[in-house]
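Next come the chains, spelled out residue by residue.
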Amino acid sequence: MKINIPMSVPKNKEKEYRKNLEIATRGTGKLMMFAGDQKVEHLNNDFVGPNIPSDVADPEHYFRIASQAKIGVFATQIGLLDMYGRDYPKIPYLIKINSKTNLLTQDQRDPMSERWLQMEDIVQYKKQSKLNIVGVGYTIYLGSWYEADMFGQAARIIHKAHQAGLITVIWIYTRGKSIKPEDETNIHMIAGAAGVAVCLGTDFVKLTYPYDVHSKKVANDYKEVTTAAGRTGVICIGGKKQTCKNFLQCIHDQIHISRTHGVAIGRNIYQRKLDEAIRMANAISAITLYDHSVKDAYDIFTGKKELGK
Amino acid sequence: MKINIPMSVPKNKEKEYRKNLEIATRGTGKLMMFAGDQKVEHLNNDFVGPNIPSDVADPEHYFRIASQAKIGVFATQIGLLDMYGRDYPKIPYLIKINSKTNLLTQDQRDPMSERWLQMEDIVQYKKQSKLNIVGVGYTIYLGSWYEADMFGQAARIIHKAHQAGLITVIWIYTRGKSIKPEDETNIHMIAGAAGVAVCLGTDFVKLTYPYDVHSKKVANDYKEVTTAAGRTGVICIGGKKQTCKNFLQCIHDQIHISRTHGVAIGRNIYQRKLDEAIRMANAISAITLYDHSVKDAYDIFTGKKELGK
Amino acid sequence: MKINIPMSVPKNKEKEYRKNLEIATRGTGKLMMFAGDQKVEHLNNDFVGPNIPSDVADPEHYFRIASQAKIGVFATQIGLLDMYGRDYPKIPYLIKINSKTNLLTQDQRDPMSERWLQMEDIVQYKKQSKLNIVGVGYTIYLGSWYEADMFGQAARIIHKAHQAGLITVIWIYTRGKSIKPEDETNIHMIAGAAGVAVCLGTDFVKLTYPYDVHSKKVANDYKEVTTAAGRTGVICIGGKKQTCKNFLQCIHDQIHISRTHGVAIGRNIYQRKLDEAIRMANAISAITLYDHSVKDAYDIFTGKKELGK
Amino acid sequence: MKINIPMSVPKNKEKEYRKNLEIATRGTGKLMMFAGDQKVEHLNNDFVGPNIPSDVADPEHYFRIASQAKIGVFATQIGLLDMYGRDYPKIPYLIKINSKTNLLTQDQRDPMSERWLQMEDIVQYKKQSKLNIVGVGYTIYLGSWYEADMFGQAARIIHKAHQAGLITVIWIYTRGKSIKPEDETNIHMIAGAAGVAVCLGTDFVKLTYPYDVHSKKVANDYKEVTTAAGRTGVICIGGKKQTCKNFLQCIHDQIHISRTHGVAIGRNIYQRKLDEAIRMANAISAITLYDHSVKDAYDIFTGKKELGK
Amino acid sequence: MKINIPMSVPKNKEKEYRKNLEIATRGTGKLMMFAGDQKVEHLNNDFVGPNIPSDVADPEHYFRIASQAKIGVFATQIGLLDMYGRDYPKIPYLIKINSKTNLLTQDQRDPMSERWLQMEDIVQYKKQSKLNIVGVGYTIYLGSWYEADMFGQAARIIHKAHQAGLITVIWIYTRGKSIKPEDETNIHMIAGAAGVAVCLGTDFVKLTYPYDVHSKKVANDYKEVTTAAGRTGVICIGGKKQTCKNFLQCIHDQIHISRTHGVAIGRNIYQRKLDEAIRMANAISAITLYDHSVKDAYDIFTGKKELGK
């Protein structure tokens, strides 16, 4: 695994950065991020409902999966770490620093997601809690009325995270009254977001992917995105829960055709009973981190095989 | 009493946090909060009127009740502590850090309640005044145009309160032009607020409860809320003054069916003459803290029985 | 004189606070505040005009009155102290920390009055200038779009003034697009403002009084206000210049019927020639501070008697 | 020359303040300010055009005049000092701390002029550059939507300038959607601005003057302004370039009838060839500082006489 | 090469400033800036398309050109330095401190570009990374609703950059709802922007140039701009990709007729294959820095000649 340490990481933090990146990517350079910030972003909509097993309603469900599956990092808000971290000290965490609910519509206010804590607080928290915190995350809504504010916050968070040897993931969505709905998944637009990410100096950028029209052609076109991102690793969102096999195929195409550097999956993992969720997470890691075929991964999902590492 | 100390409480403040939580919950883990921030929130409307005894008009009424009844904490603004605290040094206080009046309508401005003091001021105030301050409170209006600002303030307050060994209660109301009036008491929506609370890492969250349609079914449905809150304790508001027996039954159902962790009662206690208010507070504590039956509690209210502890 | 020292005054500043309060109230516990912030609030309208003697136009008129009459404190902006303080070092001053002009109408912008200096600056200024500064003042427009901002500024000013042993007076007016003009002098509304004041922990609150409809009944109804204020002293504004005798009667009723703790008078004093202004100020002090009858006070105003102390 | 040192100047800076005031007023107590902030305020409109000599276009024109004429202070932005100060170290400078262009119309946004640097920066800059900086200037738009912001900035700048022994000039214009155009030069309104100035504690205030209707009566009415300003010195703007003789007469009337403390002249000086500009500046100083007659001053302008001091 | 060191550069940083200016201008006093901030400003639009070679899509393309061509400085966002700087340590960098995307239209919000990092961060970054950072850049939209905010940020950035011995380039565009589209390239308006630049004290200002109507007359009229800028060097943007010969002629006229101090070229260089891009950059440097004729420069572009120095 070849590591390109950002220049914003000072000499005396290079070892720390290297360690955090190795943990986060399980030594592969690829990132399998288990995304768990939905309790704020989507309120309780993702956690109860006709097709959602009752396990899911308990916030601890996240931690049970994250501690038993072979994930890279579990990304969530600091409060959940406050409440459950003591019982799950080994999970590699990525603290999501901003979050907003879905209550305000775009007509009412363009999206703005405010930083909850300063990086200084996070760095001190890591030290004090001894939790296995390897990085931080932050969302930017590109094209929003508040783009300028979020650029400022994101740039400072990335800079200060690197100063402390932490890795960074920036969620970027083109969203706001200036963006036509169909452009939110336009590949050329997403490539623009990828270019912004590398200009911000983030290690990884979490971007959307046009699953609805997925095909080999789309996966191929999506190379515009990974090219624009340069040395910043692109990781694609999973989005709404999808049919497993098809979804695994999408991820495989992202990694092997589009040349993404990983995935950020939430609902497609946690909206299942614990054991199924763990198997799904492992199936995703199989493809993302360990170069397994879709078939192998599916066998891991169904329980026919186990994920080796 | 089993305590889950948040990771944001540093090692050298764990003892302080434990002590504060034990005081606040009278060693039961449940919180009976006497809510007294209405002089700002409702101006003088709650304190004079046809059915309100004249005792109530004097701000000291709050303190007389709080010092004589068996409450958990008395939550109010710092100014009242400034003015009356010297004469009531033993009451366990929770300082409500933000407050707003009801003068601005939602049409004029979405609700925003601004922090009055920094946590550093509160921590120093506790030390200097030697008052029995065990925690702090803060209100968030979820879905308001200012949600982002309040998230930032709340997250920092919780983090810094824990750093000082204080407990936290976050009031969360879904309110603003984005929220339909009927959704303010929608259980699924309240569950969303509960999920936000645990992501913020607060010890307790004060939430609304649909008293108007109260029934065993509602109390049962309300489990969605306590489940979503995970390790954050849900405490329900009391709302407008209600018939006593019915109200006590509601609380009993909240605790025993919905599995809430306490209550936050204001008007149902203080809009009475002193002795009746004390008996009412004790009746509520009987159910909330000491597992009494509704009948027992009602006997305490009427003066037939006394609350033991 | 019994003093209730706020808990926000630290032990080592209690002596300083006690001294300031005694100076401000001339040892009576009642406050006769000579209000002199109109050069900003009303521009030059109060200082030149058909019925205004030419003495009034010179800013030094304020200082001549304040130094020769038996007032409690003279409240004004720091700049006037900068310019005239050296020649009037003995006047007890209360620095009014915020001020705005009357140029912007409510239709254009809801009222917002911004803090001019930080409390740290004021405290250092007192020390450096050796002026007899005993306290600070700040205006809140309750119900304004900017209520939240002013709550934050006021709470911090009160807290930090007390930390330095200074006394505080908060001006509270219900004003803004949310307030119907007739409600600005509604007693129940004013009582709400009084309740806010005690929640902020201010020593005194300057409130409006319905002079237009003054009668014994009104004075009696106004007890709702002083009751709501609890341990915070209510002082009433004087408002526009009024017939002297009637005005003195009003003040007498405020003190003896409504149980206010003083007055805040500007135009009714300074819109007169120097000697008449001094006699008027003394007449007001006679009633407010020294329990004189209206008749006695009027004799002091006309020069028949002198104010003893 | 009698000096009234503001109380905000600390003891150990009184000597510095006295020196700066003496330099600025050339030992006369009156201020002849050469105003040079138009390159931002009016962009290039004042510097090229049919009746404007080509000398004027070069920013150095300002410095050539200021270094050769007998002015009090040259007021301009810090950037011009950065670029030309090294070659003109002897000019007494007053740094204009805020400036805005004329591009945004009032319909689009009420005027707001933001502080460019903190007073701490200015104080350090003076020390480091050894330039002859004697004071600072700041503009307030009274009645603008942003009045509150500018009040806060101005008050702090004056306070901190005095703390460092610097003198202050506040430009005050009544301007914004709340102000009728004809009221911008209404004498009663300007007197209001003068009253604000003394409440802010500034040494000098730069105010408008109704040149269009100038007459002895106007000059006499203008005494309302200088009276309202009290111990703050009023200096009048020069405005657009005018016929010389008439203009000198106006200044003479301002000084001798209205009792102003000086002038602030820009275009009437610099929109001329160098030698003519120098003579014009000297003619103005002759009247403002040295009590010359209009005739004498005009002779200085035409080159028949020389200004003695 | 004669250097006018700004007064904001302290004595002990003069050597550093001199060194940075010499590097940036290759010892000529003229600045050939390779502008590379388009990945944020224009998203991916400049990097993929029918007439854009595939080399261009990779962010490293910038660095390959900048390291092999004879440019003055390469201006880009800090994140690109983070990611690629380690492999290109010798390029002279100018960090562009603010950037925005083109997604929000002017109808939605007037342009505002927010500072990403504080100058303190940049100064420390230079020291820590040992990258060859010689200066910083910042964009102001003159006439925008947010002009005041950007003035404040720009003034502080210039002041603090100079304090650290770094050079500064301010991009100024007249843009916003207050500006008619045709005025964006109006020479008199651009001259206004140039005047603002020197009042801010920046070393260089990047301004627009009316290429569409280019002629000797335009180049001559443009002297209004360089005159208004005084001792601040004007460098013109290159704008959209143009025919090479014509473009080189324009630059030659800017330097020799308009008396500009350099150029800031982006798309006209990088929207070519690597070798062609290098030759184009060298052709531009030939004219800008080394006084070559257009013909010579064109020969350098076509490869017939090589740029000597």
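Quick caveat, the model's predicted, so the values are computed rather than measured. (Residues numbered from 1 in each chain as written. Chains lettered and ligands numbered in written order. Predicted model: local features only at pLDDT ≥ 70, side-chain atom pairs only at ≥ 80, totals over all residues. Heavy atoms only, no water.)

### Notes on the overall build of chain A
Turning to step 1, where the next piece is worked out: Of the regular secondary structure elements, chain A holds 13 helices and eight strands.
Turning to step 2, where the next piece is worked out: For chain A, the C-alpha radius of gyration of 18 Å lies close to 19 Å, the compact-globule estimate for 309 residues.
Turning to step 3, where the next piece is worked out: The principal-axis extents of the C-alpha atoms in chain A amount to approximately 45 × 45 × 40 Å.
Turning to step 4, where the next piece is worked out: A total of 309 residues make up chain A; the buried ones form 68% of that total.
Turning to step 5, where the next piece is worked out: Put simply, 74% of the contacts in chain A that link residues at least 6 apart link residues at least 24 apart. (Helix = DSSP H or I, 4+ residues; strand = E, 2+ residues; numbered from the N terminus. Rg over C-alpha atoms; globule rule 2.2 N^0.38 Å. Buried < 20%, exposed > 50% of the residue type's maximum accessible area, 1.4 Å probe, protein only. Contact = heavy atoms within 4.5 Å.)

### A word on helix α7 (residues 187–200) of chain B
Residues and elements named next belong to chain B.
Turning to step 1, where the next piece is worked out: Relative to the 20 Å expected for 14 residues at 1.5 Å per residue, α7 spans 20 Å between its end C-alpha atoms, a close match to the ideal helical length.
Turning to step 2, where the next piece is worked out: Summarising burial for α7: 13 of the 14 residues are buried, a large majority.
Turning to step 3, where the next piece is worked out: Once α7 finishes, Gly201 follows within two positions and takes phi at roughly 80°, a positive value. (Expected span 1.5 Å × (residues − 1).)

### What about helix α13 (residues 294–302) of chain E?
All names here are of chain E.
Turning to step 1, where the next piece is worked out: Inspection of α13 places Val294, Ala297, Asp299, Ile300 and Phe301 among the buried residues, and these make up the whole buried set.
Turning to step 2, where the next piece is worked out: Elements that come into contact with the buried residues of α13 comprise α10 (244–258) and α12 (274–290).
Turning to step 3, where the next piece is worked out: Just downstream of α13, Gly303 is the residue with a positive phi angle, here 95°.

### Brief notes about the sheet that holds strand β3 (residues 93–96) of chain D
Residue and element names in this part refer to chain D.
Turning to step 1, where the next piece is worked out: A barrel is described by the order of its strands in space; here eight strands give the closed sequence β1-β2-β3-β4-β5-β6-β7-β8, paired in parallel fashion. Pairs of neighbouring strands in the sheet enclose a mean axial angle of 25°, with direction left out of account.
Turning to step 2, where the next piece is worked out: Across the sheet, helix α10 (residues 244–258) touches β7 (233–237) and β8 (262–265), and the angle it forms with β8 is around 145°. (Pairing = 2+ DSSP bridges. Axes fitted to C-alpha atoms, helices over the stretch in contact; angles between N-to-C directions.)

### Concerning the interface of chain A and chain B
Turning to step 1, where the next piece is worked out: If you look at the interface, chain A gives 40 residues, while chain B gives 43 residues.
Turning to step 2, where the next piece is worked out: Both sides of the chain A and chain B interface together cover about 3,500 Å² of buried area, and 60% of this is carbon and sulfur.
Turning to step 3, where the next piece is worked out: When the area that chain A buries against chain B is broken down by residue, the three leading residues are Met83(A), Arg86(A) and Trp116(A), summing to 22%.
Turning to step 4, where the next piece is worked out: The partner of Arg86(A) in a salt bridge is Glu14(B), with the nearest N and O atoms 3.7 Å apart.
Turning to step 5, where the next piece is worked out: Linking chain A with chain B are 20 residue pairs in polar contact (both at pLDDT 80 or more).
Turning to step 6, where the next piece is worked out: Counting residues per element, the ones that place at least two in the side of chain A that touches chain B are α2 (38–41), α4 (78–84) and α5 (119–129) of chain A.
Turning to step 7, where the next piece is worked out: For the side of chain A that touches chain B, the element with the most residues is α4(A), which contributes seven residues.
Turning to step 8, where the next piece is worked out: For the side of chain A that touches chain B, the per-class residue count stands at 18 nonpolar, eleven polar and eleven charged. (Buried area = accessible area lost by both parts, 1.4 Å probe. Salt bridge = Lys/Arg side-chain N within 4 Å of Asp/Glu carboxyl O. Polar contact = N/O pair within 3.5 Å; in protein donor to acceptor, adjacent residues only side chain to side chain. Nonpolar A, V, L, I, M, F, W, Y, C, P; charged D, E, K, R; others polar.)

### Quick word on the sheet that holds strand β2 (residues 73–76) of chain B
Residue and element names in this part refer to chain B.
Turning to step 1, where the next piece is worked out: Strand order in the closed barrel formed by eight strands is β1-β2-β3-β4-β5-β6-β7-β8, and the pairing between neighbours is parallel. The sheet shows a mean angle of 25° between the axes of neighbouring strands, direction not considered.
Turning to step 2, where the next piece is worked out: Bridge count between strand β6 (residues 204–207) and strand β7 (residues 233–237): four bridges; the pairing is parallel. Its bridge partner lying in β7, Leu207 is registered against Cys236.
Turning to step 3, where the next piece is worked out: Those strands touched by helix α6 (residues 147–163) are β4 (133–142) and β5 (167–174), and its axis lies near 165° from that of β4.

### Observations concerning the relation of the copies chain A and chain B
Turning to step 1, where the next piece is worked out: Expressed as a screw transformation, the operator carrying chain A onto chain B has a rotation angle of 72° and an axial translation of 0.0 Å, and the superposed copies differ by an RMSD of 0.0 Å. Such a combination of rotation and displacement between the chain copies is what one expects of a five-fold axis. (Least-squares fit on C-alpha atoms with pLDDT ≥ 70 in both.)

### Focus: the packing of aromatic side chains
Turning to step 1, where the next piece is worked out: Tallied over the full model, the rule gives 95 aromatic pairs over all chains.
Turning to step 2, where the next piece is worked out: Centre to centre, the rings of Trp145(B) and Tyr146(B) are 5.2 Å apart; their planes meet at 55°, and the pair counts as tilted.
Turning to step 3, where the next piece is worked out: Here a set of aromatic residues connected by ring pairs shows up, and it is made of Trp145(A), Tyr146(A), Trp145(B), Tyr146(B), Trp145(C), Tyr146(C), Trp145(D), Tyr146(D), Trp145(E) and Tyr146(E).
Turning to step 4, where the next piece is worked out: Positioned above the aromatic ring of Trp171(D) is the side chain of Lys96(D), whose terminal nitrogen or guanidinium carbon lies 4.6 Å from the ring centre.
Turning to step 5, where the next piece is worked out: The positively charged end of Arg109(E) is found above the aromatic ring belonging to Trp145(A), 3.7 Å away from the centroid. (Phe/Tyr/Trp six-rings, centres within 6.5 Å; stacked < 30°, edge-to-face > 60°. Lys NZ or Arg CZ within 6 Å of the ring centre and 35° of its normal.)

### Quick notes on the pairing of strand β1 (residues 31–35) of chain E
Residues and elements named next belong to chain E.
Turning to step 1, where the next piece is worked out: Of all five residues that make up β1, five are buried, and the element is covered over most of its length.
Turning to step 2, where the next piece is worked out: Because side chains alternate across β1, one face comprises the buried residues Leu31, Met33 and Ala35, and the other comprises Met32 and Phe34, equally buried.
Turning to step 3, where the next piece is worked out: With four bridges connecting them, β1 and strand β8 (residues 262–265) associate as parallel partners. Bridge pairing links Met32 to Val263 in β8.
Turning to step 4, where the next piece is worked out: Where β1 lies against strand β2 (residues 73–76), three bridges are found, and the strand directions are parallel. Each bridged residue has a counterpart across the sheet, and for Met33 the counterpart in β2 is Val73.

### Comments concerning the confidence of the model for chain A
Turning to step 1, where the next piece is worked out: Per-chain confidence: chain A averages 96 in pLDDT, with 100% of residues scoring 70 or above.
Turning to step 2, where the next piece is worked out: Confidence metrics for the complex model read pTM 0.97 and ipTM 0.97. (pLDDT = per-residue confidence, 0-100.)

### A word on the packing of α12(E) against α13(E)
Residue and element names in this part refer to chain E.
Turning to step 1, where the next piece is worked out: Contact geometry for α12 and α13: axes closest at 7 Å, N-to-C directions at 165°. By the angle between their axes, α12 is roughly antiparallel relative to α13. In this structure, α12 crosses over α13, and the sense of that crossing is right-handed. Between α12 and α13, the residues in contact are Glu276, Arg279, Met280, Asn282, Ala283, Ala286 and Ile287 and Val294, Ala297, Ile300, Phe301 and Thr302, respectively. (Parallel < 35°, antiparallel > 145°, perpendicular 65-115°, else oblique. Left-handed = near helix turned anticlockwise from the far one by under 90°.)

### Notes on the environment of Ser67(E)
All names here are of chain E.
Turning to step 1, where the next piece is worked out: Structurally, Ser67 is set in helix α3 (residues 60–68).
Turning to step 2, where the next piece is worked out: You can call Ser67 partly exposed: its relative accessible area is 35%.
Turning to step 3, where the next piece is worked out: Not counting residues up to four positions away in its chain, the partners in contact with Ser67 are Tyr88 and Ile91.
Turning to step 4, where the next piece is worked out: Within the structure, the side chain of Ser67 is placed 2.9 Å from the backbone oxygen of Phe63, a separation counted as a polar contact.

### Quick look at the interface of chain A and chain E
Turning to step 1, where the next piece is worked out: At the junction of the two partners, chain A supplies 43 residues and chain E supplies 40 residues.
Turning to step 2, where the next piece is worked out: With both chains or domains summed, chain A and chain E bury close to 3,500 Å², and 60% of this area falls on carbon and sulfur atoms.
Turning to step 3, where the next piece is worked out: Contact with chain E buries surface across chain A, with Met7(A), Cys199(A) and Arg231(A) losing the most and accounting together for 24% of the total.
Turning to step 4, where the next piece is worked out: Our count for the chain A to chain E interface comes out at three salt bridges.
Turning to step 5, where the next piece is worked out: The set of elements that each furnish at least two residues to the side of chain A that touches chain E consists of α6 (147–163), α7 (187–200) and α9 (223–229) of chain A.
Turning to step 6, where the next piece is worked out: Per-element accounting of the side of chain A that touches chain E gives the leading share, nine residues, to α7(A).
Turning to step 7, where the next piece is worked out: Per-class residue counts for the side of chain A that touches chain E are 19 nonpolar, 17 polar and seven charged.

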